[in-house]
Amino acid sequence: MSDINPILSGSEQSIAAYQDAIEQSTKAVVQWLQQPEMYQGKTVEQLRERINLEFNSQGLGNQAAIERAVEYFLKDSLSVHHPQCVAHLHCPSLVISQAAEVLINATNQSMDSWDQSPSATIMEVKLVEWLREQVGFGAGDAGVFTSGGTQSNLMGLMLARDAFFARQGHSVQQNGLTGDLSKLKVFCSENAHFSVQKNMALMGLGYRSVTLVKTDEFSRMDVSDLSAKLAQAKANGEQVMAIVATAGTTDAGAIDPLADIAALAAKEGIWVHVDAAWGGALLLSEKYRHYLNGLELVDSVTLDFHKQFFQTISCGAFLLKDARHYQLMRYQAAYLNSDFDEEHGVPNLVSKSLQTTRRFDALKLWMGLEALGQKKYAEIIDNGVTLAQDVAAWVLEQPQLELVMKPQLASVLFRFRPVQGDTAFVALLNQRIGDALLASGAANVGVTEADGVTCLKLTLLNPTVNLQDVKVLLESVKACGAQLLNA
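Calculation notes
- Residues numbered from 1 in each chain as written.
- Predicted model: local features only at pLDDT ≥ 70, side-chain atom pairs only at ≥ 80, totals over all residues.
- Heavy atoms only, no water.
- Pairing = 2+ DSSP bridges.
- Helix = DSSP H or I, 4+ residues; strand = E, 2+ residues; numbered from the N terminus.
- Axes fitted to C-alpha atoms, helices over the stretch in contact; angles between N-to-C directions.
- Contact = heavy atoms within 4.5 Å.
- Parallel < 35°, antiparallel > 145°, perpendicular 65-115°, else oblique.
- Left-handed = near helix turned anticlockwise from the far one by under 90°.
- Nonpolar A, V, L, I, M, F, W, Y, C, P; charged D, E, K, R; others polar.
- Buried < 20%, exposed > 50% of the residue type's maximum accessible area, 1.4 Å probe, protein only.
- Lys, Arg positive; Asp, Glu negative; His and termini not counted.
- Salt bridge = Lys/Arg side-chain N within 4 Å of Asp/Glu carboxyl O.
- Polar contact = N/O pair within 3.5 Å; in protein donor to acceptor, adjacent residues only side chain to side chain.
- Core = buried A, V, L, I, M, F, W, Y, C linked by side-chain atoms within 4.5 Å.
- Phe/Tyr/Trp six-rings, centres within 6.5 Å; stacked < 30°, edge-to-face > 60°.

Draft legend 1. Region of interest: the sheet that holds strand β5 (residues 271-276). Pairing within the open sheet is mixed, and its 7 strands lie in the order β1-β7-β6-β5-β4-β2-β3. If you trace the sheet from one side to the other, it starts and ends with β1 (143-146) and β3 (210-213), each paired once. For this sheet the average axis-to-axis angle between neighbouring strands, irrespective of direction, equals 20°. Strands β2 (184-189), β3 and β4 (239-246) of the sheet are contacted by helix α9 (residues 223-235), whose axis makes an angle of about 145° with β3. Along the sheet, helix α10 (residues 258-268) makes contact with β4 and β5, crossing β4 at roughly 170°.

Below, the structure is given as structure tokens:
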């Protein structure tokens, strides 16, 4: 190992080492980007055999460490920018987002206190103010950047719970949970994100606290069933602390009827949280913004920018309509957010976050908005939604393929449908098609279920992909299905 100080600093040696390491890494990424395969096609077993540790007391040095990372990580990474990589809500990233990562990583700001991230704190606050305007919330800065949807959903549910108890004169923060907790309920649709159950378990209320509401033929929450279940809960002596609506379900991209849900909740005095981790991208849309009508009526919102905003992972936000509810989770530490700071208007964002140490991920969205402008951003967001509609129309024309559900956002649910075969046979066949395409390295197509039907999923986030690219992929699906039938 070299005797050069390994710490990034302003010394000539450190700067030279930094430039060398970045240049070596950048060259490797450029070569990887030119790799034609979506994936090299190694199995779990092959990767376990191939990847090994070489930690030792002397160290390998920067150059060798980077070479090994390229060999064992980069070369065998999935190319999420590849036109045949469409399995998940996993987007290719903006070039400007990559540039932002360089600035974020080099400065290593922590967003918990202003004196650790002075300019970054002000930039995040201003961006939260702007996001609130897009949603339709009033002026203010009640919100914070998060690691993503699960954390943002946890914040919404936690504040809903604590607000519920506060209305009864009880502080969960000071005294913990009280009363018959089996009577506390949260409502969400059958297609809501699994983090609703996960977070209720984390909060000590368990999966049993989640009541699932039926959905319609497009996977949207059925407001009639919601109304009936709310009435039944009241008759059972249960108390509903929150309704979680979804704006963009993981598979179908379904957006629940937000205005109707908010109106029903308002009558009952129930907190509404909207998981708009995916569908929130339509805030910038020129064609489909109306899909989010009613979002301005709810109490809290989850947004993810590492989905259809095309930012690198991780980058999300939580927005809170009424800032006074932040008092429910406020905790002061003299070394981070002292009374003195508050009296003098110093913004220490730890007061708004579940995290303490936190990256300046807001910079990625800030730079993306500045670099692209809202019109270009709208175009690349709208492209995926429109492309999904075009793909669905083409699928309907193919005798071997069956459209499972009409697209709503940028996903297409379909399946390979042979002339003969029962439900179980067709389900297994489609699972095997998805597995075979990934194993070959040719494509990554999602496998999921919609209303009990095992199907394939295309998540069309990539704005560089066109209908012809998707037709090539679907021809691969048909060829793979035929091959498996004839095997």
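Next, the rest of the story.
Draft legend 2. The packing of α9 against α10, seen in detail. Where α9 meets α10, the axes come as close as 10 Å, and the angle between the chain directions of the two elements is 20°. Classified by the interaxial angle, the pair formed by α9 and α10 is roughly parallel. Here α9 runs over α10; the crossing is right-handed. Across the interface between the two elements, V223, L226, S227, L230 and K234 from α9 touch D260, I261, L264 and E268 from α10. Residue classes in the contact of α9 with α10 are distributed as 5 nonpolar, 1 polar and 3 charged.

Draft legend 3. Spotlight on the pairing of strand β10 (residues 446-450). Here β10 shows a buried face lined by G446, T448 and A450 and an unburied face lined by V447 and E449. Note: β10 against strand β11 (residues 453-459), 5 bridges, orientation antiparallel. If you follow V447 over to β11, its bridge partner there is L456. Hairpin geometry of β10 and β11 is characterised by an intervening segment of 2 residues between the two adjacent antiparallel strands and by a positive phi of about 50° at D451.

Draft legend 4. Focus on the side chain of D382. As for its placement among the helices and strands, D382 is situated in helix α12 (residues 362-395). We note that D382 is buried and unpaired, the nearest opposite charge coming from K287 at a distance of 5.7 Å. Separated by 3.2 Å, the side chain of D382 and the backbone nitrogen of E286 make a polar contact. Not counting chain neighbours up to four residues away, the residues in contact with D382 comprise S285, E286, K287 and Y288.

Draft legend 5. View of the nonpolar core. One finds F145 and Y377 to be the most contacted residues of the largest nonpolar core, which totals 65 residues. Ranked by the residues each element gives to this core, the list is headed by α12, at 9 residues.

Draft legend 6. Representation of helix α3 (residues 62-74). Taken residue by residue, α3 has I66, R68, V70 and L74 as its buried positions. Those residues of α3 that are buried are in contact with α1 (12-33).

Draft legend 7. Main features of the pattern of salt bridges. Across all of its chains, the model carries 24 salt bridges by this definition. Residue R220 pairs with D216 through a salt bridge whose shortest N-O separation is 2.9 Å. Assessed through its relative accessible area of 21%, D216 is described here as partly exposed. Between R324 and D322 there is a salt bridge; the shortest N-O distance is 2.6 Å. A residue is classified by how much of its surface remains accessible, and R324, at 57% relative accessible area, is exposed.

Draft legend 8. Structural context of the packing of aromatic side chains. Inspection of every chain in the model, using the stated rule, returns 5 aromatic pairs. With a centroid separation of 4.9 Å and 80° between ring planes, the pair formed by F305 and F309 is classed as edge-to-face. Neither F305 nor F309 differs from the other in exposure class; each is buried. Through a chain of ring-to-ring contacts, the aromatic side chains of F145, F305, F309 and Y377 assemble into a single cluster.

Draft legend 9. Main features of the sheet that holds strand β8 (residues 401-405). If you walk across this open sheet you meet the 4 strands as β8-β9-β11-β10, and the pairing is antiparallel. In this open sheet, the two strands that pair with only one neighbour each are β8 and β10. If you compare each strand with its neighbour and ignore which way they point, the axes differ by 45° on average. Two strands pair when backbone bridges link them, and β8 and strand β9 (residues 411-416) are joined in this way by 4 bridges, in the antiparallel orientation. Directly across from L403, in β9, lies its bridge partner F414. Along the sheet face, helix α13 (residues 423-440) touches β9, β10 and β11 and points at about 115° away from the line of β9. Against the sheet, helix α14 (residues 467-486) makes contact with β8, β9 and β11, and its axis sits at roughly 25° relative to β9, the strand it touches most.

Draft legend 10. Representation of the environment of D275. Here D275 lies in strand β5. For D275, a relative accessible area of 7% corresponds to the buried category. A distance of 3.1 Å separates a polar atom in the side chain of D275 from the backbone nitrogen of A277.

Draft legend 11. Structural detail: unusual backbone geometry. Cis geometry marks the peptide bond from I313 to S314; its omega dihedral reads 0°. With respect to the helices, strands and loops of the structure, S314 is situated in the loop between β6 (300-304) and β7 (316-320). For S219, which is not glycine, the phi dihedral falls at a positive 70°. Mapped onto the fold, S219 is located in the loop between β3 and α9. Although it is not a glycine, D451 adopts a positive phi angle of roughly 50°. Looking at the element boundaries, D451 is found in the loop between β10 and β11.

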